[in-house]
Each structure stands twice: as structure tokens, then as C-alpha cells.
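In case you want the letters, here they are:
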Amino acid sequence: SSSFTMTKYLPPNLLRLFDARPPLPYLPPSEKRNLPGYHGMSQCTALFEDPSTVDYSKFGPAETKEQRHARKRKERLEVEEAKIAEQLSTWDPQKDPSATEDAYRTLFIGRLSYDTSEPKLRRELEDYGPIKKLRMVTDTVKGKPRGYAFVEFEKERDLLSAFKQADGRKIDGRRILVDVERGRTVKGWRPRRFGGGLGGTRRGGEDMNQRWSGRDPPQTSQGGADMPRSMDTRPADRDRGGDRPRGPPPSDRDRDREREREKERDRDRDRDRERERERDRPDRPRPREDERPRERERERDHGSDRDRERDRGGDRDRERERERDRGSDRDRERRPERERERDRGDDRRR
């Protein structure tokens, strides 16, 4: 009874929890409808077509899932070929208003990074000679770069130098491909978008596609890091490590070291290209034949002077050693005299 009397002191929000539920609403019973009874299929046979009058040969065999995919792919290829044929009929590179003036002094630069700007590309290629015109191809709808450009040089020798040395050069983290312009110089040439081109990066699977940078495959005699894996002649067990236990995954420090090694290799390649470029320049001042023996004489004199200085340094060291030995001998001679003087002093004190 005490607990019952205490409930009246509870707050309203707690008293509401003990309230009775509302009564269920009354719903009248549903009326039963008169539905048709169940029956078989015999009375519907008159609605089907007579099998004796149907020609089943016109339907053919049923199409499988693989056959349906092949059929749809063939239809798409036919549509694309018709579209390419229509565009190819109106394509004339000789009448392109944005093309360069001289096709035989123009190079095609492919595999460019989408972040490469026109001033950056001009600075990189001006190492080979002055550029008359540079055109970076962009998408006509979105205005974004398409990854290739055309460069016209003022002199034909500069074009030949860039054709030999710029292929495979790294710009903004990607190695470019350099080739001559073929649209206006090769009869019957088709670009990549019309089913032509010389690129080998979209032939098929990984075993068919080109996996190296540059116009030509790297020349390595016995296989190595510069040769693509599909052309490497080393055994597969050696690439995978063979029977050697696999170590832990590379850490961040190892990755940084690998990046530094890659940068050093790129710098070495750039230095080699610079030396070849300096060697190929015809206007480079060369030393005269009579000056070369003089330079060799100077180098020989400098070498002999260094040897004399080295010999003098050795003589000084030997003199210091002799002086040090003489000092130690004097100390040994003076030591008995000091002991005698010390003994005489002791005797006097006594």
C-alpha cells in the first residue's frame, strides 16, 4: 500500500509510462466476393497455334551469352568503321590551317604529360635549335591537351639533332616519343584515330603491347633493366628470385633511395645527350692541332709540380721525425745529471 501511495508523487512523464493502452478500433468484417472456381488448361488449348502449321526453321538455334556478346561487338565495330570512313573522307592534312608551314622541318612529339605547358616544351626543345612554330593539340570540345604536339624548327640540322637525341627524354615525369611528321609527308598515312599510326601500346594484351619509352626498343645485349620484360632473355626464375627467400616489403627509405638512383640515372643520360649534342654541333670552335701538344705539355708540367710538392712534404715530415728523435736523446742525456744534482741537494740537507 505504501508503494501505491508513492506513485502519486512521481512526475507526469513517469506516470505516463503506467497509463493503459488505448482500446483497439472496431472494424467491420470484410465481405466475401464471388470468385471463379479453379479449372485446368484443357479449355485453353483452342487459343494456341496449331503446331503443324508453324515453320520452326525461321527461328534458328537459340543464341548463347557469348554469341550475343560477339554479335553486339561486331555491330559496334561496323558502326565505328562507318563513322571513321565518313570522317576520313573529309580529312585532308594539307588544308589544315593550324598546321606548320614546312612539313619536312616538323617533328611529332608524343606521350606528353597532360601537365606540360607550351612554354615548358619550348624551353626543353630549344636546346637543339631555334623553334619557328610549336603547336600543342587540344580537344576541340573540352579544350584539354591530348598529349602530343608538332614542332617546326628553323633549320633542318636542328631537326635531325632533335630527332636523334630528344627521343626518350623525360619531361614532367614522362619520356616523350619523337618522330617526323607523316601526315603530309607519307602518302596514304592515317592517324591513330582513323585506325592507323605506328604506336604499339594498344595492340592487345600485356604480352603484345609495347612497354618501353621512345621510338625504338632499348639495345641491351644480354637483357637487363633497360630492356622490357617481354624481350628480356633472362630466365623467369631469376626475375622472381628463384629459390631465394623473399625479403620484407621495401620501406619508405628504400623507396627514397630507389628514387634517388633513378634521378642519378636521368642526370647521367642528360649529360650524355649534352656531350653528343656538343659533339654534333658544326659551329663549335675546335682547338687547333698545334695547341693540343702545348696543352698536354702544361698538364704534364702540372703533374710534375704536384709530384715535387709531394716530395717536399715528405722531406719535411722526415726532418720533423729527426728533430723529435734528437730531442728525446738530449732528454736521456740530461736525466742522469738531474739525478746527480738531486742527490747532492739531499746530502747537503742532511
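Look up a bit, the structure's there.
This text gives an overview of the structure that appears in the document.

Analysis parameters
- Residues numbered from 1 in each chain as written.
- Predicted model: local features only at pLDDT ≥ 70, side-chain atom pairs only at ≥ 80, totals over all residues.
- Heavy atoms only, no water.
- Helix = DSSP H or I, 4+ residues; strand = E, 2+ residues; numbered from the N terminus.
- Buried < 20%, exposed > 50% of the residue type's maximum accessible area, 1.4 Å probe, protein only.
- Phe/Tyr/Trp six-rings, centres within 6.5 Å; stacked < 30°, edge-to-face > 60°.
- Pairing = 2+ DSSP bridges.
- Axes fitted to C-alpha atoms, helices over the stretch in contact; angles between N-to-C directions.
- Contact = heavy atoms within 4.5 Å.
- Salt bridge = Lys/Arg side-chain N within 4 Å of Asp/Glu carboxyl O.
- Core = buried A, V, L, I, M, F, W, Y, C linked by side-chain atoms within 4.5 Å.
- Polar contact = N/O pair within 3.5 Å; in protein donor to acceptor, adjacent residues only side chain to side chain.
- Arc of directions from axis to C-beta.
- Patch = residues over 30% accessible without salt bridge, like charges linked within 9 Å, V, L, I, M, F, W, Y side chains within 5 Å.
- Areas by Shrake-Rupley, 256 points an atom, 1.4 Å probe, with all protein chains shown as cover.

1. Quick notes on the overall build of the protein chain
Here is step 1: Along the backbone of the protein chain there are eight helices and six strands.
Here is step 2: Put simply, the protein chain runs from its N terminus to its C terminus through helices and strands in the order α-α-α-β-α-β-β-α-β-β-β-α-α-α.
Here is step 3: When burial is assessed residue by residue, the protein chain has 17% of its 350 residues classed as buried.

2. Section: the packing of aromatic side chains
Here is step 1: Evaluation of the coordinates by the stated rule reveals four aromatic pairs.
Here is step 2: Judged by centre distance (5.7 Å) and plane angle (40°), the ring pair of Phe108 and Tyr148 falls under tilted. Remark: Tyr148 occurs in strand 3 (residues 145–153) and Phe108 occurs in strand 1 (residues 106–110); sequence separation between them is 40 residues.
Here is step 3: The class for Phe108 is partly exposed, based on a relative accessible area of 24%.

3. Considering the sheet that holds strand 6 (residues 177–180)
One key point about sheets: their strands pair by backbone hydrogen bonds, in either a parallel or an antiparallel sense.
Here is step 1: If you walk across this open sheet you meet the four strands as 2-3-1-6, and the pairing is antiparallel. Across the chains shown, the open sheet's two edge strands, defined by having one partner strand only, are strand 2 (131–138) and strand 6. Strand after strand, the sheet turns through a mean of 25° between neighbouring axes, direction not considered.
Here is step 2: Here strand 1 runs beside strand 3; their pairing, made up of four bridges, is antiparallel. Bridge pairing in strand 3 places Phe108 opposite Phe150.
Here is step 3: Contacting strand 1, strand 2 and strand 3, helix 4 (residues 118–125) runs over the sheet at an angle of about 140° to strand 2.

4. Digging into the pattern of salt bridges
Here is step 1: Overall, the coordinates contain 24 salt bridges when judged by the stated rule.
Here is step 2: A salt bridge links Arg265 to Glu258, with the nearest nitrogen and oxygen atoms 3.9 Å apart.
Here is step 3: The exposure class of Arg265 is partly exposed, given its relative accessible area of 35%.
Here is step 4: By sharing partners, the salt bridges in this structure join Lys170, Arg175, Glu258, Arg261, Glu262, Arg265, Asp266 and Arg269 into a single network.

5. Quick word on unusual backbone geometry
Here is step 1: Residue Arg111 is not a glycine yet carries a positive backbone phi of 60°.
Here is step 2: Within the secondary structure, Arg111 is located in the loop between strand 1 and helix 4.
Here is step 3: Relative accessible area serves as the criterion here: at 22%, Arg111 is assigned to the partly exposed category.
Here is step 4: Despite not being glycine, Asp172 has its phi angle at roughly 55°, a positive value.
Here is step 5: On the accessibility criterion, Asp172 (37% relative accessible area) is partly exposed.

6. Here's the deal with the nonpolar core
Here is step 1: Counting 18 residues, the largest nonpolar core has Leu107, Ile109, Leu112, Leu121, Leu125, Val151 and Phe153 as the members making the most contacts within it.
Here is step 2: Elements represented by at least two residues in this core include exactly strand 1, helix 4, strand 2, strand 3 and helix 5 (156–165).
Here is step 3: Beyond its immediate chain neighbours, meaning those up to four positions away, Ile109 contacts Leu125, Gly147, Tyr148, Ala149, Val151, Ile176, Leu177 and Val178.

7. Quick notes on the environment of Lys133
Here is step 1: Mapping Lys133 onto the fold places it in strand 2.
Here is step 2: Each residue touching Lys133, except ones within four places of it in the same chain, is listed here: Ser98, Ala99, Thr100, Phe150, Val151 and Glu152.
Here is step 3: Separated by 3.1 Å, the side chain of Lys133 and the backbone oxygen of Ala99 make a polar contact.

8. Here we look at helix 4
Here is step 1: What helix 4 keeps buried is the set Leu121, Glu124 and Leu125. Buried residues of helix 4, seen end-on, are gathered within an arc of 90° and therefore sit on one face of the element.
Here is step 2: Against strand 1, strand 2, strand 3 and strand 4 (170–171) lie the buried residues of helix 4.

9. Points about the side chain of Arg169
Here is step 1: Assignment of secondary structure puts Arg169 in the loop between helix 5 and strand 4.
Here is step 2: Relative accessible area serves as the criterion here: at 11%, Arg169 is assigned to the buried category.
Here is step 3: A polar atom in the side chain of Arg169 sits 2.8 Å from the side chain of Glu124.
Here is step 4: Among the polar contacts made by the side chain of Arg169, one reaches the side chain of Tyr128 at a distance of 3.0 Å.
Here is step 5: Here Arg169 is in contact with Glu124, Asp127, Tyr128, Arg174, Arg175, Ile176, Arg273 and Arg277, once residues within four sequence places are set aside.

10. Here we look at the side chain of Ser161
Here is step 1: Structurally, Ser161 can be placed in helix 5.
Here is step 2: Discounting chain neighbours no more than four positions away, the residues touching Ser161 are Tyr128, Ala166 and Arg277.

11. So, the pairing of strand 3
Here is step 1: Counting buried positions along strand 3 yields seven of nine residues, so the element is predominantly enclosed.
Here is step 2: Pairing of strand 2 with strand 3 involves six bridges; the strand directions are antiparallel. Bridge pairing links Met136 to Ala149 in strand 3.
Here is step 3: Between strand 2 and strand 3, which follow one another and run antiparallel, lie six residues, and Gly143 among them has a positive phi close to 75°.

12. A look at a nonpolar patch on the surface
Here is step 1: A cluster of nonpolar side chains, namely Leu10, Leu14, Leu15, Leu17 and Phe18, defines an oily patch on the protein surface of about 490 Å² accessible area.
Here is step 2: Within the element layout of this structure, Leu17 appears in the loop between helix 2 (12–15) and helix 3 (65–90).

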